[in-house]
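Understanding the architecture of this molecule
Chain by chain, the residues run as shown.
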Amino acid sequence: MRLVSYSSELVNISAFWNSNALDGSTIDLMTIVVKAATVNAITTLPASPASINPFQEAQAVRTRTFELDMGFSPPMKINCVSMDMNRIDQAVHLDDTEIWEITNNSDMPQPFHIHDIQFLILTRDGSQPPENESGWKDTVLVMPRETVRIISHFSDFSGPVNPYMFHRHILEHEDSGMMGQFVVI
Ligand SMILES: [Cu+2]
């Protein structure tokens, strides 16, 4: 059995990204070799998936804004600055619930990733996210010119010494500075 991506859509996603050699091609992803059946240890599935106890917006004590930019000097930045190991960008209070508002000012989709916590997506440009985005996330794709609001609770693993990171989850761009640090204190 083969898992194949037919006519892969790796289209131009920005003015800066002109072509992708794999666009339109058919790519073998995986070969599955089925052998004789084994004893299945799982006999029953739960009747319904685990429920989520969502945070209420009213619980949030603070809203932080994150502006993602691509350009020049420095090329990759969050809130106008590039990553600096010697700078703590945000200090979150332990046990607080916060809303983080992430705006993508660039022409490329930006996967925004936060260490330490998992979060729920509240809105995309003011609208409720689709069903498949109603669960716990550690990364959210913020489309060009879009603002995404997420909510989370910072309940543990606190300390002033070891910061966590938030960053754009594309290696070249986080390497170029689209990252920041926060502590939970
Ligand atoms: Cu990371």
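Residues numbered from 1 in each chain as written. Predicted model: local features only at pLDDT ≥ 70, side-chain atom pairs only at ≥ 80, totals over all residues.

**Brief notes about the sheet that holds strand 4 (residues 76-78)**
So the rule is basically this: Strand pairing follows a simple DSSP-based rule, namely that at least 2 bridges must link the two strands. Segments assigned H or I by DSSP are reported as helices when at least four residues long, segments assigned E as strands when at least two residues long, and all are numbered from the N terminus. Orientation is described by axes fitted as lines to C-alpha atoms, over the contacting stretch for helices, and by angles from 0 to 180 degrees between their N-to-C directions.
The strand order 4-3-6-10-8 describes an open sheet built from 5 strands, whose pairing is mixed. In this open sheet, the two edge strands, each paired with only one partner strand, are strand 4 and strand 8 (120-124). Pairwise comparison of adjacent strand axes, ignoring direction, gives a mean angle of 20 degrees for this sheet. The pairing of strand 3 (residues 62-70) with strand 6 (residues 97-104) spans 7 bridges and is classified as parallel.

**Concerning the domain arrangement of the chain**
Interfaces are often described in size by the accessible area the parts lose on coming together. Selection criterion: Throughout, the edges of the domains are those of an automatic or database domain assignment.
When the domains of the chain are assigned, the result is domain 1 (1-35) and domain 2 (58-184). Computed over C-alpha atoms only, the centres of domain 1 and domain 2 are separated by 29 Å.

**Some points on the sheet that holds strand 5 (residues 90-92)**
Judged by pairing direction, the sheet is mixed, and its 5 strands sit side by side in the order 5-12-11-7-9 without closing on themselves. Whereas interior strands pair on both sides, the edge strands pair on one side only; in this sheet they are strand 5 and strand 9 (139-142). With strand direction ignored, the average angle separating the axes of adjacent strands in the sheet is 25 degrees. With 3 bridges connecting them, strand 7 (residues 110-114) and strand 11 (residues 159-168) associate as antiparallel partners. The residue of strand 11 that forms the bridge with His-113 is His-167.

**Some details on the nonpolar core**
Spelled out, the test is: Nonpolar cores are built from buried Ala, Val, Leu, Ile, Met, Phe, Trp, Tyr and Cys residues. These are joined into a set through C-beta atoms within 7 Å. Working definition of burial: number of other C-beta atoms within 10 Å of the residue's own, with buried at 20 or more, exposed at 12 or fewer, and partly exposed in between, all C-beta atoms being placed from the backbone.
With 23 residues, the main nonpolar core has Leu-68, Ile-102 and Val-142 as its most contacted residues. Mapped by element, the contributors of at least two residues to this core are strand 3, strand 4, strand 6, strand 7, strand 9, strand 10 (147-153) and strand 12 (179-184).

**Digging into the pairing of strand 3**
Two faces belong to every sheet, and in a regular strand the side chains alternate between them. Where strand 3 meets strand 4, 3 bridges bridge the pair, whose relative direction is antiparallel. Looking at the pairing, Met-70 lines up with Met-76 of strand 4. Between strand 3 and the antiparallel strand that follows it, strand 4, lie 5 residues; Ser-73 among them carries a positive phi value of about 30 degrees.

**Observations concerning the environment of Val-34**
Mapped onto the elements, Val-34 comes out in the loop between strand 2 (27-31) and strand 3. Assessed through the 6 C-beta atoms surrounding it within 10 Å, Val-34 is described here as exposed. Each C-alpha atom, one on Val-34 and one on Met-1, is 7.7 Å from the other, the two residues being 33 residues apart in sequence.

**So, the environment of Ser-5**
Position of Ser-5 among the secondary structure elements: in strand 1 (residues 2-5). Note on Ser-5: 14 C-beta atoms within 10 Å, which makes it partly exposed. Through-space distance from the C-alpha of Ser-5 to that of Lys-35 is 24 Å; in sequence the pair is 30 residues apart.

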